Amino acid sequence: MSTGMIIAVIVVVAALVLAATLITRGRGRQGGPDLKQRFGPEYQRTVARHDGDAKAAERELTERLERHGKLRERPLEPAEREQYSARWTAVQERFVEAPREAVAEADRLLSDLAAFRGYPDGGRYEEQLAALSVHHAQHVEGYRRVHRVGQAGPVGGAGESAAGTEELRTALMDARALFDDLMRDSARATGHRSEVTAATADDTRHQSSGKPGMFGKSHPRGV
């Protein structure tokens with residue numbers, strides 16, 4: 001090979017390396033905003049869990065995307081939809097008399113519904129949560145909260161630090177957002193989201209009035 005050819009090859013290789021470097025840097029600059037947009041509040045929570053290290057948080061979120069980004073939710077048949085809706089209604093009604101038990105049941109219900117739709121089963125809670133965060137990032141914190149307070153012990157004794165009734169109510173309301181997301185087919189998303197928003201607002205208005213709201217029965221004040 002002549003000297004001229006060797007120089008030409010070196011120039012081409014150098015140009016390719018430079019182009020690859022620029023592309024990589026460009027992707028690195030775009031990664032933060034892209035991940036922030038996709039994960040929303042989950043992005044900020046992950047950064048906080050990494051003590052403010054955004055790069056470490058983005059590595060974790062990118063790994064979640066690689067593991068679970070291609071997951072496709074299994075559709076719900078009408079009968080299956082009715083079954084899960086009935087279970088959620090029972091949870092809401094039970095909350096009036098037994099708030100902690102109702103929240104624990106909501107935790108199990110979300111786990112079952114997520115597994116049914118194709119997410120990792122509830123026996124792998126952290127993995128299930130990670131997968132849900134990829135596809136339902138705006139509402140996954142509700143599942144995390146209901147799981148935490150649902151796993152707490154009964155009030156008194158070893159469970160003295162357990163959540164009070166108001167925290168249980170808030171956890172259940174937050175969990176409902178994920179429940180409705182999982183019950184919704186993507187084609188029905190816009191209309192159903194409006195229904196969820198209206199229902200949640202209705203419950204908020206009735207919490208202190210003693211009128212029926214989200215939980216199916218009248219709320220005694222403070223419950």
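Note that the structure is a prediction, hence the values are computed from the model and not measured.

**Examining helix α4 (residues 78-95)**
Taking 1.5 Å of rise per residue, the 18 residues of α4 would be expected to cover 26 Å, and the 26 Å separating its terminal C-alpha atoms lies within 8% of that figure. Those residues of α4 lying buried are E80, R81, Y84, W88, V91, Q92 and F95. Projected down its long axis, α4 shows its buried positions confined to an angular sector of 115°, all on one face. In this structure, α4 carries P78, A79 and E82 as exposed residues pointing more than 90 degrees from its buried face. Elements that come into contact with the buried residues of α4 comprise α5 (99-116) and α8 (165-183).

**What about the pattern of salt bridges?**
In the structure shown here, the tally under the stated rule is 17 salt bridges. Between E141 and R144 there is a salt bridge, with its nearest N and O atoms 2.5 Å apart. Remark: R144 and E141 occur in helix α7 (residues 140-150); sequence separation between them is 3 residues, near one turn of the helix. By relative accessible area, E141 is classed as partly exposed at 34%. For D174, the salt bridge goes to R145, with nearest N and O atoms at 3.0 Å. Of this pair, D174 sits in helix α8 while R145 is found in helix α7, placing the two residues 29 residues apart along the sequence. On the basis of relative accessible area, D174 is assigned to the partly exposed category, the value being 30%. Taking the relative accessible area as the measure of exposure, R145 reaches 25% and is therefore partly exposed. Through salt bridges with shared partners, a single network forms among E42, R45, R49, E60, R64, E141 and R144.

**Overview of the nonpolar core**
Judged by nonpolar contacts, the single largest core of 30 residues is most densely connected at L110, L132, Y143, V146, F179 and L182. Taken together, the elements giving at least two residues each to this core come down to α4, α5, α6 (125-135), α7 and α8. Top element by residues in this core is α8. It accounts for 8 residues. Leaving out residues up to four positions away in the same chain, F179 has contacts with Y84, S85, W88, L109, L110 and L113. Among the nonpolar cores identified, the runner-up in size contains 8 residues, and F39, V47, L61 and V134 belong to it.

Cut-offs applied
Residues numbered from 1 in each chain as written. Predicted model: local features only at pLDDT ≥ 70, side-chain atom pairs only at ≥ 80, totals over all residues. Heavy atoms only, no water. Helix = DSSP H or I, 4+ residues; strand = E, 2+ residues; numbered from the N terminus. Expected span 1.5 Å × (residues − 1). Buried < 20%, exposed > 50% of the residue type's maximum accessible area, 1.4 Å probe, protein only. Arc of directions from axis to C-beta. Contact = heavy atoms within 4.5 Å. Salt bridge = Lys/Arg side-chain N within 4 Å of Asp/Glu carboxyl O. Core = buried A, V, L, I, M, F, W, Y, C linked by side-chain atoms within 4.5 Å.

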